[in-house]
Number of protein chains: 2
Amino acid sequence: MPPPATLSASSSFTLLSPSPSPKPKFPPFSPKRHSFAINPRHHSLHSVPSSTVRCTVIEKETPEAQRPDTFLRANSSSSSVRARFEKMIREAQDTVCAAIEAADGGATFKEDVWSRPGGGGGISRVLQDGAVWEKAGVNVSVVYGVMPPEAYRAAKGAAAADHKPGPVPFFASGISSVLHPKNPFAPTLHFNYRSPGAPRQWWFGGGTDLTPAYIFEEDVKHFHSVQKSACDKFDPTFYPRFKKWCDDYFYIKHRDERRGLGGIFFDDLNDYDQEMLLSFATECANSVVPAYVPIIEKRKDLPFTDQQKAWQQLRRGRYVEFNLVYDRGTTFGLKTGGRIESILVSLPLTARWEYDHKPEEGSEEWKLLDACINPKEWV
Amino acid sequence: MPPPATLSASSSFTLLSPSPSPKPKFPPFSPKRHSFAINPRHHSLHSVPSSTVRCTVIEKETPEAQRPDTFLRANSSSSSVRARFEKMIREAQDTVCAAIEAADGGATFKEDVWSRPGGGGGISRVLQDGAVWEKAGVNVSVVYGVMPPEAYRAAKGAAAADHKPGPVPFFASGISSVLHPKNPFAPTLHFNYRSPGAPRQWWFGGGTDLTPAYIFEEDVKHFHSVQKSACDKFDPTFYPRFKKWCDDYFYIKHRDERRGLGGIFFDDLNDYDQEMLLSFATECANSVVPAYVPIIEKRKDLPFTDQQKAWQQLRRGRYVEFNLVYDRGTTFGLKTGGRIESILVSLPLTARWEYDHKPEEGSEEWKLLDACINPKEWV
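The following refers to the structure shown. Computed from a predicted model, the values in this text were never measured in an experiment. (Residues numbered from 1 in each chain as written. Chains lettered and ligands numbered in written order. Predicted model: local features only at pLDDT ≥ 70, side-chain atom pairs only at ≥ 80, totals over all residues. Heavy atoms only, no water.)

All right, on to the overall build of chain A then. The secondary structure content of chain A amounts to ten helices and 13 strands. Relative to all contacts within chain A whose residues are 6 or more apart in sequence, the contacts with residues 24 or more apart total 71%. Surface summary for chain A: the accessible area is close to 14,000 Å², and the carbon and sulfur share equals 54%. (Helix = DSSP H or I, 4+ residues; strand = E, 2+ residues; numbered from the N terminus. Contact = heavy atoms within 4.5 Å. Areas by Shrake-Rupley, 256 points an atom, 1.4 Å probe, with all protein chains shown as cover.)

This part takes up the packing of helix α7 (residues 306–325) of chain B against helix α8 (residues 328–336) of chain B. Residues and elements named next belong to chain B. Running from amino to carboxyl end, α7 crosses α8 at an angle of 55°, the nearest separation of the two axes being 6 Å. When the axes of α7 and α8 are compared, the pair comes out oblique. When α7 is examined against α8, the residues N323, L324 and V325 are found in contact with a partner set consisting of T330, T331 and L334. Considering only residue class, the contact of α7 with α8 consists of three nonpolar, three polar and no charged. (Axes fitted to C-alpha atoms, helices over the stretch in contact; angles between N-to-C directions. Parallel < 35°, antiparallel > 145°, perpendicular 65-115°, else oblique. Nonpolar A, V, L, I, M, F, W, Y, C, P; charged D, E, K, R; others polar.)

All names here are of chain A. The N-to-C vectors of helix α3 (residues 217–232) and helix α6 (residues 288–299) enclose an angle of 165°; their axes lie 8 Å apart at closest approach. Taken as axis vectors, α3 and α6 run roughly antiparallel relative to one another. In this structure, α3 meets α6 at a crossing whose hand is right-handed. Residue-level contacts link E218, D219, H222, F223, V226 and Q227 of α3 to P290, A291, P294, I295, K298 and R299 of α6. In terms of residue class, the contact of α3 with α6 is made up of six nonpolar, two polar and four charged. (Left-handed = near helix turned anticlockwise from the far one by under 90°.)

Another aspect to go through is helix α5 (residues 274–286) of chain B. All names here are of chain B. Taking 1.5 Å of rise per residue, 13 residues should cover 18 Å, and α5 covers 18 Å from first to last C-alpha, within 8% of that figure. Every buried residue of α5 is listed here: M276, L277, L278, F280, A281, C284 and A285. Structurally, the start of α5 carries an N-cap: the backbone nitrogen of E275 is 3.1 Å from a side-chain oxygen of D273. (Expected span 1.5 Å × (residues − 1). Buried < 20%, exposed > 50% of the residue type's maximum accessible area, 1.4 Å probe, protein only. Polar contact = N/O pair within 3.5 Å; in protein donor to acceptor, adjacent residues only side chain to side chain.)

Backbone geometry places A:D356, a non-glycine residue, at a positive phi of 55°. Classification of A:D356 as buried rests on a relative accessible area of 13%. If you check the backbone angles, B:D129 has positive phi at about 55° while not being a glycine. Here B:D129 lies in the loop between β3 (120–128) and β4 (133–147).

For the rest of this paragraph, the subject is the side chain of A:T208. In this structure, A:T208 sits in strand β9 (residues 204–211). With sequence-adjacent residues up to four places away left out, A:T208 is seen in contact with A:L189, A:H190, A:F191, A:Y193, A:F223, A:Q227, A:G262, A:G263, A:I264 and A:V288.

We now examine the pattern of salt bridges. Residues and elements named next belong to chain A. Tallied over the entire structure, the rule returns 62 salt bridges over all chains. The shortest N-O distance in the salt bridge between R259 and D209 comes to 2.9 Å. Of the two residues, R259 is situated in the loop between β11 (257–258) and β12 (263–269) and D209 in strand β9; the sequence distance between them amounts to 50 residues. As far as the burial class goes, R259 and D209 line up, both buried. (Salt bridge = Lys/Arg side-chain N within 4 Å of Asp/Glu carboxyl O.)

Time to look at the nonpolar core. Residues and elements named next belong to chain B. Counting residues in each nonpolar core, the largest one holds 55 residues, and the members touching the most others are W133, F204, F266 and F280. Looking at which element gives the most residues to this core, the answer is helix α1 (residues 81–104), with ten residues. Leaving out residues up to four positions away in the same chain, F266 has contacts with Y193, R194, F204, G205, G206, F242, W245, F280 and C284. (Core = buried A, V, L, I, M, F, W, Y, C linked by side-chain atoms within 4.5 Å.)

Residues and elements named next belong to chain B. Burial analysis of strand β5 (residues 168–181) places 13 of its 14 residues in the buried class, which makes it a mostly covered element. Here β4 pairs with β5 via 14 bridges, running antiparallel. Bridge pairing links M147 to V168 in β5. Of the pairings in the sheet, the one linking β5 to strand β6 (residues 188–194) comprises six bridges and is antiparallel in character. The residue of β6 that forms the bridge with S177 is F191. What sits between β5 and β6 in their antiparallel hairpin is a turn of six residues. (Pairing = 2+ DSSP bridges.)

Attention now moves to the side chain of B:Q227. Residues and elements named next belong to chain B. Relative to the assigned elements, Q227 resides in helix α3 (residues 217–232). When its relative accessible area of 1% is taken as the criterion, Q227 is described as buried. Filtering out sequence-adjacent residues up to four positions away, Q227 remains in contact with T208, Y239, I264 and A291.

Our next topic: the packing of aromatic side chains. The final tally for this structure, using the stated rule, is 50 aromatic pairs over all chains. The interplanar angle of 40° and the centroid separation of 6.3 Å between the aromatic rings of B:Y193 and B:F266 together place this pair among those described as tilted. One end of the pair, B:Y193, is in strand β6; the other, B:F266, is in strand β12 (residues 263–269), and 73 residues separate them in sequence. Here B:Y193 and B:F266 have matching classes, each one buried. Measuring from ring centre to ring centre gives 5.3 Å for B:F234 and B:F280, while their planes differ by 55°; the resulting arrangement is tilted. Taken together, the positions of B:F234 in the loop between α3 and α4 (238–249) and B:F280 in helix α5 put the pair 46 residues apart, joining distant regions of the chain. On the basis of relative accessibility, which here comes to 24%, the residue B:F234 falls in the partly exposed class. For the cation-ring pair, A:R82 lies above A:F171, with the distance from its terminal atom to the ring centre recorded as 3.8 Å. Here A:R299 stacks its cationic end above the ring of A:F216, 3.9 Å away from the centre of that ring. (Phe/Tyr/Trp six-rings, centres within 6.5 Å; stacked < 30°, edge-to-face > 60°. Lys NZ or Arg CZ within 6 Å of the ring centre and 35° of its normal.)

Residues and elements named next belong to chain A. Judged by how many residues are buried, β9 sits mostly within the fold: eight of eight residues are covered. On β9, burial covers both faces: F204, G206, T208 and L210 on one face and G205, G207, D209 and T211 on the other are all buried. Bridging between strand β6 (residues 188–194) and β9 involves seven bridges; their strand directions are antiparallel. Residue pairing across strands places Y193 opposite G206, the latter belonging to β9. Relative to β12, β9 runs antiparallel, the two being bridged by five bridges.

Here we take up the state of the cysteines. Residue and element names in this part refer to chain A. For the coordinates displayed, the defined rule picks out zero disulfides over all chains. Here C97 is not disulfide-linked; the sulfur of C284 is the nearest cysteine sulfur, at 19 Å. C246 takes part in no disulfide bond, and the closest cysteine sulfur, belonging to C231, lies 11 Å away. (Disulfide = S-S within 2.5 Å.)

Moving on, we get to the environment of B:S229. Residue and element names in this part refer to chain B. Within the secondary structure, S229 is located in helix α3. S229 sits in the partly exposed class, given a relative accessible area of 42%. For the pair S229 and E134, spaced 95 residues apart in sequence, the C-alpha to C-alpha distance is 30 Å.

What follows is the structure, encoded as structure tokens:
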């Protein structure tokens, strides 16, 4: 008997996420632009190579003028775990965006609301080229319905082989965010909390992790301490387990190094009480601002050199490598025809690759790299 | 009976390529740095996540002080197809590097020679941050021996399942190059000619393709005309077949667009006379400079705006997406533990991702994108 279908792939932006703008995605190139039946794309192709037919299996999202009170069905109970999880992630989105705008001191998020004909929708917010932020994206989505068997196979791989044919019911909701500051001493933050579910079941996964270009030990300790405090309120084994899980997940295999200095990460937790998991999810999401914003306040205006900026850009290159090559949410989204701009909003505005760059032993750049190669205990 | 083992994955930099510098790759971090038995890496890991153990199956290369006359075994005949192919790619490397340096007018290539204990070696040349070139890499390699079954499986995937256990003999040689100019009106060029082989057999694959950020129709026509002339000397069906193959190969699925404006691409040609294929390979390699350098000469000093530079950087972002997500040589190299700096020298020095960027309909940027979405016939 196969497990109930869930979508738990994402550590970055969720597959079924956002369709920002209410205007057409792209100027029409030809009368054939709506020639794709399942997922009409924003432009047509005169020829689709037979060897590379896209797996566009997720139905197209529809822009909406207004945020609905809930993305769940009208007859849903507001006391269900799903409803309370949606309320929590939407409050977290508001709180994080308000804190990010306050830290910037001028720039504001652009919001796009969208719905899916099959069920659910989402709210995408992106702030680009602010005073403090190079690119900051905070997305929530609550999607459900049935997915075509092709999408189920893409999500589950070989494990889907024995699943009965036909459409597969799914439910997935979550909040996803990547925040890239401009100043090379101000670290990038990523967090994602999600609850893929199935009838009468509930899962929970996610994490928060820090990616600096330079180490300020007090910053990293502060960040990890807040994660540990959140975990310790629920289970003393959580922080050590989820800290290691994070170091393992954000591993750039071909470099033998991690993307950054970690935090916490976990997937498909379901061997705990639902109410406890919902409380833990809420605690984690509420910890984002106190764990991160004080660091930004301290570092956002520090003076820096061109060399320090170039090093940040090299580390941003590693961010791109991890996300495009390994991140499950990104690679799954690219394969299944998710909305590309939402999936790739996690990429930095700019990145750099120098041939055979080696930081000088003992330098600040070397120390960061060493900590990415040899994960440390920070608290 | 399985086919003889060949390595034909690469369209970019070859897996078994270069080990540039004669000094250690990275300052030692700890006494454990040589703790990997198969492939001692340039640094140690305190912990390797069990879920992400690297597939480091290719033995480590050794830096060499001097270029050998040949990378083939001492007893090889200089009249063999392999020997003449090596001579051809090494001459092509010299010719292309000389032309690139002349166009730059100052910067020179840094050369790294390396050998593999198991057989063969290569010559890597990289020019970075010149007057005209942002990053230019031209690599040749001639490698052979036996590969561990893990590497064979990584190369062949499911097709390797029925192969008899134990080490698999292989031979692969080729020239690979990516040339990224600074000026947004000067296009990027990629070419790769390779001959994976097996005992008593010979294959040939490769191609040359152009990736501009702006279309100068005369440039694209000139480039494609030179490719067509080279093809037409051998078979009038080559250009149309290989032009379409190129459009199909350099397809960024998740964008529904091609990386650039194509050229020619083909893989595993072996249904022709060996001498004919060697002549065709030679003709293709000799066509690189006349197809490309005249375009650079015309465009390298054109004035440009910040907006035009930013558009070039966005297109460089697409280059990164293609190479990291789809390019067979790159993805195979990353999986099998090839030398990362050589594999990723194909990435641009800098790249850019803007959220939901849409060129204005009818603009020069829009025209380029249109041609990447709807491949055109240029000659």
